[in-house]
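# What the coordinates show
One-letter residues, chain by chain:
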Amino acid sequence: MYSASLEPTLISLYFASAVGNLIAIIVLSVSRQQRKSSAFYTLVCGLAVTDLLGTCLASPITIANYLNPNVLLDQHVCEFQSFLLLFFGLTGLSIICTMAAERYLAICCPYTYQRWGVDRRFAQKLLLFIYISHIFFCCLPMMGMANSTLQPSETWCFIDWRKHDPVSTTYFVLYSVVSLLLILGTILLNLVVCGALLMMRQRVVQLPVTRGSVRERWRALSSAAETQMIAVLVMTSVVVLACSAPLVVRVFANCFSDEKNFKADLAAIRIASVNPILDPWIYILLRKSLFRRFLGLSRRGSSSRSSSPPLAQTTLFTTSIVKDSSVFTQLMCNASIITQLPATVTFTPRDTERASSRLDSAE
């Protein structure tokens, strides 16, 4: 059941995950104050810290068990590893779903986003709530609601899904349903956000052409920062869901089927363990400097006519754009403005009328 050749591989994966998440946390920490104070990047940093904690707590137990097969025979160690797998699997799904919900509010409901005061502190409170509630929920097996047992491969511990008593089955189903709802919620919110951005782009393109070209207006509307957030969200969602879904499927299968497939169970937990290794490289590779270069190259390739550089975030309020009231209203509804402003700045629909009247009087 044990293979000595796996030990160097496990140690290498452990260090790759730990180093990757440390670099990701450093990259997120040295970013601009404006980004560090946003709710989205607070949640991203929370996910990186969660992956790092999961790696540092769970991987040493697995490595120690390969070195000494008697480690997981201790029931307390077995229950602890089972708790770690339950907790970090569910917490990762919850944070990525919260990130998708934050982008949905920022882009589709910007006034609600501002009225609720969604900022760094708000995100920190959400992370604290996720941690506390999930610790309690994942401690239920140790409180007697389910049993943790050494799996047939003798390399990992998890809840004993071979027991079919009503209490244990209730916990299995509850854990599976919550995980499935988080997965479906993340997919749905990502689709809505991407659809809203595409519809917004289509509306801007359909506006009458004036001196400021439609292409330049779209560049102002879809800032690099906003596009980067969506790219990070979508890529992270794909990785987290792809790594977590097999384990959720196996929990469902073991709850409602008497046929056991231990190889599939082991493959599912191994796929889930790849998640904290891949996640940090998304934040590293999609950091703002590299993303702007990629965005600039893609824009140059898409059109040879557009030789001017993309408009900066501060050019959103230039006179040529504000004069077109429909464009200005669209810009006001875009989250790339609302979410980038300091917490002390507030906007109401009256501000749009005041800005337009001032420009008319200036003319």
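Below or above, wherever it landed, is the structure these notes cover. (Residues numbered from 1 in each chain as written. Predicted model: local features only at pLDDT ≥ 70, side-chain atom pairs only at ≥ 80, totals over all residues. Heavy atoms only, no water.)

## Focus on the nonpolar core
In terms of nonpolar packing, the biggest core is built from 71 residues, with F40, M99, F158, Y171 and Y283 touching the most fellow members. Listing elements by their share of this core, those giving two or more residues are α1 (6-29), α3 (39-67), α4 (75-108), α6 (120-139), β2 (157-159), α7 (166-205), α9 (224-256) and α10 (262-285). Examining the composition of this core, we find that 15 residues originate from one element, α4, more than from any other. Residues I107, A196, L197 and I230 belong to the second largest nonpolar core, which totals 5 residues. (Core = buried A, V, L, I, M, F, W, Y, C linked by side-chain atoms within 4.5 Å. Buried < 20%, exposed > 50% of the residue type's maximum accessible area, 1.4 Å probe, protein only. Helix = DSSP H or I, 4+ residues; strand = E, 2+ residues; numbered from the N terminus.)

## Details of the environment of E154
Mapping E154 onto the fold places it in the loop between β1 (148-150) and β2. Each C-alpha atom, one on E154 and one on N70, is 9.5 Å from the other, the two residues being 84 residues apart in sequence.

## Here's the deal with the pattern of salt bridges
If you walk through the whole model with that rule in mind, you get 2 salt bridges. Notably, a salt bridge pairs E102 with R103, separated by 2.8 Å at the nearest N-O pair. Here the two residues E102 and R103 agree in accessibility, since each one is buried. A salt bridge links R250 to D265; the shortest N-O distance between them is 2.7 Å. Placement of the pair is R250 in helix α9 and D265 in helix α10, with a sequence separation of 15 residues. (Salt bridge = Lys/Arg side-chain N within 4 Å of Asp/Glu carboxyl O.)

## Quick notes on the packing of aromatic side chains
In total, this model carries 9 aromatic pairs according to the counting rule given. Consider the rings of W156 and F158, whose centres lie 5.8 Å apart with planes at 45 degrees: the pair is tilted. Each residue in the set F83, F87, F88 and Y131 is aromatic and connected to the rest through ring pairs, giving one cluster. (Phe/Tyr/Trp six-rings, centres within 6.5 Å; stacked < 30°, edge-to-face > 60°.)

## Considerations on α6
Given a rise of 1.5 Å per residue, 20 residues ought to cover 28 Å, and the 29 Å separating the end C-alpha atoms of α6 matches this to within 8%. Within α6, the full set of buried residues consists of A123, L127, I130, Y131, H134, F137, C138 and C139. Of the residues that open α6, the one with a side-chain oxygen 3.4 Å from the backbone nitrogen of R121 is D119. (Expected span 1.5 Å × (residues − 1). Polar contact = N/O pair within 3.5 Å; in protein donor to acceptor, adjacent residues only side chain to side chain.)

## Digging into the state of the cysteines
For the structure on display, the rule yields 1 disulfide. Between the sulfur atoms of C78 and its disulfide partner C157 the distance amounts to 2.1 Å. One quick way to see it: the torsion about the S-S bond of C78 and C157 is about -115 degrees, and its sign makes the bridge left-handed. Residue C78 is found in helix α4, and its partner C157 is found in strand β2; the two are separated by 79 residues along the sequence. Relative accessible area serves as the criterion here: at 0%, C157 is assigned to the buried category. C108 carries a free sulfur, and the closest cysteine sulfur to it, the one in C109, is 6.0 Å from it. Looking at C108, the relative accessible area reads 29%, which means it is partly exposed. (Disulfide = S-S within 2.5 Å.)

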